[in-house]
Amino acid sequence: MISMISSAQKTDKWFGSLLLKEGSPAFKKVLDAPSVYQYQVIYTRIDRDRNNKPHFKSFYLNTDAGRYFNPASTVKLPAALIALEKLNDLKITGVDKYSPMITDSVFSGQTKVLKDETSENGYPSVAHYIKKVFLVSDNDAYNRLYEWDGQQDLNEKLWQKGYVNTRINRRFVPLSEEENRHTNPVSFLKEGKTVYTQAPAYSKVTFDFSRKVLIGKAHYNRSDVLVNEPMDFSRHNNFPLEEQQAMLRAILFPEAVKRKQTFRLSSDDYHFLYQYMSMLPRESRYPRYDTTEFFDGYAKFFLGRDGKSVLPSAVRIFSKAGWAYGFMTDNAYVADMENNIEFLISATIYVNSDGILNDDKYDYDTIGYPFFKELGEIIYKNELNRKKRYKPDFSKFR
């Protein structure tokens, strides 16, 4: 059972026909059951002009901003972007994304962070948290960015940029609604001395929780007790697929979107983001990861996660994925720098055949990951055969 308000659904006949024509029987079985799998897909072609400026044409399948899906870790992308923008807006000499960052605690549910043994200098920083968010979708790193952003600033800044249906009101740790409104004091150090301290913040922002979102037939609550009722997602984070891809486009191609949608980032910030949004866990020294657990496609669903495939060296995927409660989402820019292929692809799917949430029995491996991999492969193959007048210049992404 999925109960929610729905707005106008977007589907392009050509795109749906392509997927049905090229898809395997298992893939088509998913496509034939949109009410079961609740999938949404946005594929965007990119054509460059003679000046290398990108021009976009999007195709939709079952895309509906009014159909709720849990965005899971995809909300870590806006949290990272606002964290960088907030540092830039401070304009304090000696405070930047690499500055040692100390998180204190003053309210119920808050925790301190003084050190980080996975970083090169032993200290946490905004940059190091962002690395971990993109490399392995680290939850604690997101929580620290959320606390630096502040709930009110995070949401109001996103709304001002036009991402009006996005709502990020929760950390990824069990806390009450009131605890999530309170965020920790944060300090930045230089040569061991505090150079800036942000006081603890309280969010007075008003969220619209009037839309009832009930999912599943039963769920386990925080006490691990089975409740034979749908799970209520009415007050959870929200990040519609179209806003996800619009945000990705604003980071990768800021020159080709409305200025209002962009973020106040430096050229070094962009380079940093491109590096870590596309980096694979095995390529990282700080932090260093066990690649048997954190393999190439760990956080890259398109072309990579299913079967733990090794991605070709010429293919870079700039993305942020998320998975929770049976919902799986990935938002990606795929670039093959040898074959001059590039496209944007965003998709979400719900894979929970028993209808019970929080039982850790989801169909990620059997349905979800294969769906994403095949979807990526079909579009990649289509792009490989598509003629383009001008070849893309990938220099800024290398």
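Residues numbered from 1 in each chain as written. Predicted model: local features only at pLDDT ≥ 70, side-chain atom pairs only at ≥ 80, totals over all residues. Heavy atoms only, no water.

**Structural notes on the overall build of the protein**
Scanning the protein from N- to C-terminus turns up eleven helices and 16 strands. The C-alpha radius of gyration of the protein comes to 21 Å, within 12% of the 21 Å expected for a compact globule of 398 residues. Once the C-alpha set of the protein is aligned to its principal axes, its extents read approximately 60 × 55 × 40 Å. Classification of the 398 residues of the protein by burial places 57% in the buried group. Once local pairs closer than 6 in sequence are excluded, the contacts in the protein between residues at least 24 apart make up 68%. Taken as a whole, the protein presents about 17,600 Å² of accessible surface, with 48% of it coming from carbon and sulfur. The average position of the 57 basic charges and that of the 50 acidic charges among the side chains of the protein differ by 5 Å. (Helix = DSSP H or I, 4+ residues; strand = E, 2+ residues; numbered from the N terminus. Rg over C-alpha atoms; globule rule 2.2 N^0.38 Å. Buried < 20%, exposed > 50% of the residue type's maximum accessible area, 1.4 Å probe, protein only. Contact = heavy atoms within 4.5 Å. Areas by Shrake-Rupley, 256 points an atom, 1.4 Å probe, with all protein chains shown as cover. Lys, Arg positive; Asp, Glu negative; His and termini not counted. Charge placed at Lys NZ, Arg CZ, Asp CG, Glu CD.)

**Considerations on empty space enclosed by the protein**
Per the counting criterion, the structure on display carries one cavity of 30 Å³ or more. Residue composition of the lining of the largest cavity, grouped by class: six nonpolar, two polar and two charged. (1 Å grid on protein atoms, 1.4 Å probe; cavity = no way out; pocket = protein on both sides within 12 Å on 5 of 7 lines; lining within 4 Å. Points joined across faces, edges and corners; volume = space filled by probe spheres on them. Nonpolar A, V, L, I, M, F, W, Y, C, P; charged D, E, K, R; others polar.)

**Section: the nonpolar core**
Ranked by size, the top nonpolar core spans 61 residues in total, and within it V126 and Y333 carry the most contacts. Among the elements of the structure, helix 4 (76-90), helix 5 (126-136), helix 6 (139-149), helix 7 (151-160), strand 6 (186-190), helix 9 (241-252), helix 10 (267-278) and strand 14 (327-336) are those that each provide at least two residues to this core. Counting residues in hydrophobic clusters, the runner-up holds 51 residues, among them I42, F302, A332 and Y380. (Core = buried A, V, L, I, M, F, W, Y, C linked by side-chain atoms within 4.5 Å.)

**Structural notes on the pairing of strand 13 (residues 315-324)**
Of all ten residues in strand 13, nine are buried, a share of seventy percent or more. In the sheet, strand 13 pairs with strand 14 via ten bridges, with the strands oriented antiparallel. Considered in strand 14, the bridge of S319 is made with A332. The antiparallel pairing of strand 13 with strand 14 creates a hairpin that spans two residues between the two strands, and Y325 there sits at a positive phi of about 60°. (Pairing = 2+ DSSP bridges.)

**So, the sheet that holds strand 13**
One open sheet holds the five strands; their spatial order is 3-2-15-14-13, and the pairing between them is antiparallel. A strand with exactly one partner marks an edge of an open sheet, and here the two such strands are strand 3 (54-61) and strand 13. Between one strand axis and the next, the sheet turns through 10° on average, direction left out of account. Sheet topology note: the strand 14/strand 15 (residues 341-350) ladder contains ten bridges and is antiparallel. Looking at the pairing, V334 lines up with F343 of strand 15. (Axes fitted to C-alpha atoms, helices over the stretch in contact; angles between N-to-C directions.)

**Regarding the environment of S319**
Structurally, S319 is set in strand 13. S319 sits in the buried class, given a relative accessible area of 2%. Spatially, the C-alpha atom of S319 lies 8.2 Å from that of A299, the residues being 20 residues apart in sequence. Here K300 takes part through its side chain, which lies 3.0 Å from a polar atom of the side chain of S319. (Polar contact = N/O pair within 3.5 Å; in protein donor to acceptor, adjacent residues only side chain to side chain.)

**A few points about the confidence of the model for the protein**
Looking at the protein as a whole, its pLDDT mean stands at 95, while 97% of the residues score no less than 70. This stretch, residues 1-6, has a pLDDT under 50; its non-local contacts, to residues over four places away or in other chains, come to 22 contacts. (pLDDT = per-residue confidence, 0-100.)

**Quick look at helix 1 (residues 13-22)**
Of the positions making up helix 1, those classed as buried are F15, G16, L18 and L19. Relative to the axis of helix 1, the buried residues are bounded by an arc of 155° and lie together on one face. Projecting away from the buried face of helix 1 at angles above 90 degrees are the exposed residues K13 and K21. Buried residues along helix 1 sit in contact with helix 2 (25-31), strand 2 (40-48), strand 3 and helix 11 (364-384). (Arc of directions from axis to C-beta.)

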